[in-house]
Amino acid sequence: MAAEQTQGVPGTGGARHLLPGGVGAAIRGRFPIFEHTTYANSCSQGALSVDVRRAYEEYLDGWDAHGAEWEHWVERAEAARGAFARLVGAEPDDVAVTTSVSQAVSSLVSALPLERDRKKIVISEFEFPTVGQIAHAQELRGAEVVHVRPEADGRIPLERFAEAIDEQTALVCCTAISYRTGYRLDVAEVARIAHERGALCLADSYQAAGAVPLDVRALGVDFLTAGTVKYLLASAGLGFMVVRRSLHERLLPTQTGWFADEDIFRMDISDYSPAPDARRFDAGTPPVPNIYAGIAGIGVVEETGVPAIEAHVAGLRERLLAGLDELGATVATPRGEAEIGPLVCVVSTDPHALVSALAADQVVTSTRDANLRVSLHLYNVEEDVDRILAALARHRELLA
Ligand SMILES: Cc1ncc(COP(=O)(O)O)c(C=O)c1O
């Protein structure tokens, strides 16, 4: 990146950091947790910034000062729609604002006819439980669910998708970065295979949004969903789904609500007349406090820019991987340049014990399956990686 400079950072023992505006040491001061903790758990929950705290306070102050601020709150929901659209290269009217990925995916599948000749839902084995469970719930409507399983090396070759998707497939659900292993999938290719066979494609991009660039047009997916809890640096209770423009009018979600109506404030209960655009996948009253937080969190991400975040994290990740190799650890995440993102998974003999041992050393991580999850974001610096590695060395016996 041309704008990057290499500088010594005061207060870090002369360590050298890449300092594009707002990455690493330059932004860390806005996340108080780093005063006492090495935080490497953004795959579970992004760290709290002073910006997000201030946004919650602003919401409470407005409520206190004016009582109901509905006009302003609805305007904030539209601002969130715009922020999500910018994040993935979409237009605001392509975006549904939801309370969760679950709500988004449920309303999406409720709009699929799942007719006899198109009743299959293909899901990768790396889907988050909510996507798998929603898919299987459609069995009650006659759907057939087909799983695409990974190889022993943690990759899902595209041929596995090609074998599973056929002319009876209505929807293919894939996940951009696995929450279980950190494996990054070639979503654009999965979408291409789905379309060849006339199926629609959904990319759950929760573990990617805010960490790696997402361009919904380049990916070619029909639906892309994520939420604000992780690399978008906000809190629970806010998500979104981008819907391909040519599908808006064709899809009629039967899981719906008054904020999905063509005229929200007409308060008309005589029919179902959804909004003409992706807002038809919204539902009830917008999650106003989470919207304040979400806009602030996305604002922090936008200030730095996702490409700069990705480049910064790639440098830290290489340092982490080199240190893990020195320790003789087993990395579960496939390491190809295009196959890995901000999440590195390390095989442990007792992952829960390892997470607890690291927490006792003020290093916050998490676990899934047999893996320790270490995830890095814009606020992490080389010293964090070194502290994580030092703590892992102290607990070497818990690494496989
Ligand atoms: C890949 C992925 N999808 C979905 C979710 C959560 O979805 P929801 O917003 O419905 O809770 C998570 C959260 O951990 C996730 O990692």
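Definitions and limits used
- Residues numbered from 1 in each chain as written.
- Predicted model: local features only at pLDDT ≥ 70, side-chain atom pairs only at ≥ 80, totals over all residues.
- Heavy atoms only, no water.
- Phe/Tyr/Trp six-rings, centres within 6.5 Å; stacked < 30°, edge-to-face > 60°.
- Helix = DSSP H or I, 4+ residues; strand = E, 2+ residues; numbered from the N terminus.
- Buried < 20%, exposed > 50% of the residue type's maximum accessible area, 1.4 Å probe, protein only.
- Lys NZ or Arg CZ within 6 Å of the ring centre and 35° of its normal.
- Near = heavy atom within 4 Å.
- Polar contact = N/O pair within 3.5 Å; in protein donor to acceptor, adjacent residues only side chain to side chain.
- Areas by Shrake-Rupley, 256 points an atom, 1.4 Å probe, with all protein chains shown as cover.
- 1 Å grid on protein atoms, 1.4 Å probe; cavity = no way out; pocket = protein on both sides within 12 Å on 5 of 7 lines; lining within 4 Å.
- Sits in = over half its atoms within 2 Å of the grid points.
- Salt bridge = Lys/Arg side-chain N within 4 Å of Asp/Glu carboxyl O.
- Axes fitted to C-alpha atoms, helices over the stretch in contact; angles between N-to-C directions.
- Left-handed = near helix turned anticlockwise from the far one by under 90°.
- Contact = heavy atoms within 4.5 Å.
- Pairing = 2+ DSSP bridges.
- Patch = residues over 30% accessible without salt bridge, like charges linked within 9 Å, V, L, I, M, F, W, Y side chains within 5 Å.
- Parallel < 35°, antiparallel > 145°, perpendicular 65-115°, else oblique.

It is worth spelling out the packing of aromatic side chains at this point. If you walk through the whole model with that rule in mind, you get 12 aromatic pairs. Where Phe 31 meets Tyr 379, the ring centres are 4.7 Å apart and the plane angle is 65 degrees; that geometry is what we call edge-to-face. One end of the pair, Phe 31, is in the loop between α1 (25-28) and β3 (38-39); the other, Tyr 379, is in the loop between β14 (371-375) and α12 (382-394), and 348 residues separate them in sequence. In this pair, the class of Phe 31 matches that of Tyr 379, namely buried. One aromatic cluster is present, built from ring pairs that chain together Tyr 59, Trp 63, Trp 70, Trp 73 and Tyr 292. Taking the ring centre of Tyr 206 as reference, the NZ or CZ of Lys 230 above it sits at 5.2 Å.

Take the site of the ligand next. Around the ligand sit Ser 100, Val 101, Ser 102, Phe 128, Tyr 179, Asp 204, Tyr 206, Gln 207 and Lys 230, and that is every residue in its neighbourhood. Here an oxygen atom of the ligand and a side-chain polar atom of Lys 230 are 2.8 Å apart. Here the ligand, which alone exposes 400 Å², has 84% of that area covered by the protein. Spatially, the ligand is embedded in the second largest pocket.

Turning to the pattern of salt bridges, a few remarks are in order. Summed over all chains, the structure comprises 29 salt bridges. Salt-bridge contacts for Glu 189 lead to Arg 192; the nearest nitrogen and oxygen are separated by 2.8 Å. With Glu 189 and Arg 192 both in helix α7 (residues 187-196) and 3 residues apart, this pair spans about one turn of that helix. Residue Asp 222 is joined to Arg 244 by a salt bridge in which the shortest nitrogen-to-oxygen separation is 2.7 Å. With Asp 222 in the loop between α8 (216-219) and β9 (223-227) and Arg 244 in the loop between β10 (239-243) and α9 (288-304), this residue pair connects regions lying 22 residues apart in the sequence. A residue is classified by how much of its surface remains accessible, and Arg 244, at 31% relative accessible area, is partly exposed.

Close contact between helix α3 (residues 70-88) and α9 brings their axes to 9 Å; oriented N to C, the two are set at 35 degrees. Where α3 crosses over α9, the handedness of that crossing is left-handed. In this structure, α3 contributes Trp 70, His 72, Trp 73, Arg 76, Ala 77, Ala 79, Ala 80, Ala 83, Phe 84 and Arg 86 to the contact, and α9 contributes Val 288, Ile 291, Tyr 292, Ile 295, Ile 298 and Glu 302.

The subject of this paragraph is the pairing of strand β11 (residues 343-347). The element β11 is largely enclosed, with a buried count of 4 among its 5 residues. One ladder, built from 5 bridges, connects β11 with β14; its direction is antiparallel. Among the inter-strand pairings, Leu 343 is bridged to a residue of β14, identified as Ser 375.

Attention shifts here to a nonpolar patch on the surface. Side chains of Trp 258, Phe 265 and Met 267 sit close together on the surface and give an oily, nonpolar patch of about 350 Å² of accessible area. Inspection of the secondary structure assignment puts Phe 265 in the loop between β10 and α9. The class for Phe 265 is exposed, based on a relative accessible area of 52%.

In the Ramachandran plot, Leu 114 falls in the positive-phi region, its phi being about 45 degrees despite a non-glycine side chain. In the Ramachandran plot, Leu 233 falls in the positive-phi region, its phi being about 65 degrees despite a non-glycine side chain. Inspection of the secondary structure puts Leu 233 in the loop between β9 and β10.

Pairing is antiparallel in the open sheet, where 3 strands are placed in the order β11-β14-β13. In the strand order of this sheet, the two ends are held by β11 and β13 (366-368), each with one partner. Neighbour-to-neighbour, the strand axes of this sheet turn through a mean angle of 35 degrees, independent of strand direction. Relative to β14, β13 runs antiparallel, the two sharing 3 bridges. Bridge pairing links Thr 367 to Leu 372 in β14.

Next up on the list: the sheet that holds strand β6 (residues 144-148). Overall, mixed pairing links the 7 strands, which are arranged β4-β10-β9-β8-β7-β5-β6 in an open sheet. Of all the strands in the sheet, just β4 (95-98) and β6 have a single pairing partner and so form its edges. Across the sheet, the mean angle from the axis of one strand to that of its neighbour is 20 degrees, orientation sign disregarded. As judged from the 4 bridges shared by β4 and β10, these two strands associate in the antiparallel manner. Note that in β10 the partner of Val 95 across the bridge is Val 242. Along the sheet, α3 contacts β4, β9 and β10; its crossing angle with β4, the most-contacted strand, is approximately 125 degrees.

As a further point, take the pairing of strand β5 (residues 120-124). With 5 of 5 residues buried, β5 lies mostly within the body of the structure. Sheet topology places β5 next to β6; 5 bridges connect them, and they run parallel. Bridge pairing in β6 links Ile 123 to His 147.

So, on to the environment of Gly 328. Tracing the sequence through the fold places Gly 328 in the loop between α10 (306-327) and β11. Looking at Gly 328, the relative accessible area reads 41%, which means it is partly exposed. Remark: the alpha-carbon pair of Gly 328 and Arg 396, spanning 68 residues in sequence, is separated by 9.2 Å. Ignoring anything within four residues of it in the chain, the contact list for Gly 328 reads Arg 396 and Ala 400.

With that settled, the discussion passes to the packing of helix α4 (residues 101-110) against helix α5 (residues 129-137). At a minimum axis distance of 10 Å, the contact between α4 and α5 shows a crossing angle of 25 degrees. Here α4 is positioned roughly parallel relative to α5, judged by the angle of their axes. Classified by chirality, the crossing of α5 by α4 is right-handed. Side by side, α4 and α5 meet where Val 101, Ser 102, Val 105, Ser 106 and Val 109 of the first sit next to Thr 130, Val 131 and Ile 134 of the second.

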